[in-house]
Amino acid sequence: ILEHLQYVDGVMLGRIACDNPYAIHQIHKVLYPQSQFSTRTEIFTQYWNYIERQIIHNVPLTILVKPLFNFLHGIEGTKLWKQQLMQLLNIYERQ
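A brief structural summary. Keep in mind it's a predicted model, so treat the numbers as computed, not measured. (Residues numbered from 1 in each chain as written. Predicted model: local features only at pLDDT ≥ 70, side-chain atom pairs only at ≥ 80, totals over all residues. Heavy atoms only, no water.)

## So, a nonpolar patch on the surface
Part 1: A cluster of nonpolar residues, Ile1, Leu2, Leu5, Tyr7, Val8, Val11, Leu13, Ile24, Val30, Leu31 and Tyr32, forms a patch on the protein surface that exposes about 960 Å² of accessible area.
Part 2: The residue Leu13 is located in the segment before helix H1 (16-19) in this model. (Patch = residues over 30% accessible without salt bridge, like charges linked within 9 Å, V, L, I, M, F, W, Y side chains within 5 Å. Areas by Shrake-Rupley, 256 points an atom, 1.4 Å probe, with all protein chains shown as cover. Salt bridge = Lys/Arg side-chain N within 4 Å of Asp/Glu carboxyl O. Helix = DSSP H or I, 4+ residues; strand = E, 2+ residues; numbered from the N terminus.)

## Let's talk about the side chain of Arg40
Part 1: Position of Arg40 relative to the elements: it lies in helix H3 (residues 40-56).
Part 2: Buried charge without a salt bridge: Arg40, with Glu42 as the nearest opposite-charge side chain at an N-O distance of 11 Å. (Buried < 20%, exposed > 50% of the residue type's maximum accessible area, 1.4 Å probe, protein only. Lys, Arg positive; Asp, Glu negative; His and termini not counted.)

## Re the nonpolar core
Part 1: In terms of nonpolar packing, the biggest core is built from twelve residues, these being Tyr22, Ile51, Leu61, Leu64, Val65, Leu68, Phe69, Phe71, Leu72, Trp81, Leu85 and Leu89.
Part 2: For this core, the secondary-structure elements that each account for two or more residues are helix H4 (61-65) and helix H5 (78-94).
Part 3: Residue contacts for Phe71: discarding those within four places in its chain leaves Pro21, Tyr22, Arg40, Ile43 and Phe44. (Core = buried A, V, L, I, M, F, W, Y, C linked by side-chain atoms within 4.5 Å. Contact = heavy atoms within 4.5 Å.)

Laid out in structure tokens, this is it:
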């Protein structure tokens, strides 16, 4: 990353934000190693708190949960994670 940035002013990340959102966290670590970084668990907890606040304002859970589907990209158990998110959405939609 740092080598490429010697030749360009910026990079378009494209679909990585949707396909593997945690990769942006990893890129940030390379660019700003002196910064303090949250774990996936901490990020998830913060995002879950955000979801709870948004539900009160009638933001659809389907919109709020969508960013979580690939949050565990590359980690064992991702398939189960996605299945559980789908179950959560199915329960929500039946209400």
